[in-house]
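# Tertiary structure, described
Residue-level listing of the chains:
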Amino acid sequence: ALLAHTLEVFPSDVDIWMQAAELERSHGTPASLDALLSRAVGFCPQAEALWLLGAKEKWLAGDLDAARDILAQAYAANPLSEE
């Protein structure tokens, strides 16, 4: 609850989103982690780490098409990024 409130107050803080993602990965479901990361990149579209984490989670789950889609969205949001 505290982390959720912190995200409402500081929605553009990438570090807080990463902490929330780690908590969700440890104690949530794959669907809740996916939803959280989707929200995170909505608030922080230039945060490559969030995009890459989402793609990695899809890849680890065996959903290669979803991982590719996330990477395509990341590239569209960050066309000049080298990561």
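In what follows, the accompanying structure is described. Please read these numbers as outputs of a predicted model, since none were measured by experiment.

## Considerations on the overall build of the protein
- On a plain count of helices and strands, the protein comes out with 5 helices and 0 strands.
- Along the protein, helices (α) and strands (β) appear in the sequence α-α-α-α-α when read from the amino end.
- The C-alpha atoms of the protein give a radius of gyration of 12 Å, which matches the 12 Å a tight globule of 83 residues would have.
- Over its C-alpha atoms, taken along the principal directions, the protein stretches across nearly 35 × 30 × 15 Å.
- Burial statistics for the protein: of 83 residues in total, 28% are counted as buried.
- In the protein, the share of contacts with a sequence separation of at least 24, taken over all contacts with a separation of at least 6, comes to 41%.
- Of the side chains in the protein, 5 bear a positive and 13 a negative charge, and the two mean positions are spaced by 6 Å.

## Some points on a nonpolar patch on the surface
- Taken together, the side chains of Trp59, Leu60 and Leu64 present a nonpolar region at the surface, about 340 Å² in accessible area.
- Mapping Leu64 onto the fold places it in helix H5 (residues 64-77).

## Looking at the packing of aromatic side chains
- Tallied over the full model, the rule gives 1 aromatic pair.
- Judged by centre distance (5.9 Å) and plane angle (20°), the ring pair of Trp17 and Phe43 falls under stacked. One end of the pair, Trp17, is in helix H2 (residues 14-27); the other, Phe43, is in helix H3 (residues 30-43), and 26 residues separate them in sequence.
- Judged by its relative accessible area of 0%, Trp17 falls in the buried class.

Thresholds applied
Residues numbered from 1 in each chain as written. Predicted model: local features only at pLDDT ≥ 70, side-chain atom pairs only at ≥ 80, totals over all residues. Heavy atoms only, no water. Helix = DSSP H or I, 4+ residues; strand = E, 2+ residues; numbered from the N terminus. Rg over C-alpha atoms; globule rule 2.2 N^0.38 Å. Buried < 20%, exposed > 50% of the residue type's maximum accessible area, 1.4 Å probe, protein only. Contact = heavy atoms within 4.5 Å. Lys, Arg positive; Asp, Glu negative; His and termini not counted. Charge placed at Lys NZ, Arg CZ, Asp CG, Glu CD. Patch = residues over 30% accessible without salt bridge, like charges linked within 9 Å, V, L, I, M, F, W, Y side chains within 5 Å. Areas by Shrake-Rupley, 256 points an atom, 1.4 Å probe, with all protein chains shown as cover. Salt bridge = Lys/Arg side-chain N within 4 Å of Asp/Glu carboxyl O. Phe/Tyr/Trp six-rings, centres within 6.5 Å; stacked < 30°, edge-to-face > 60°.

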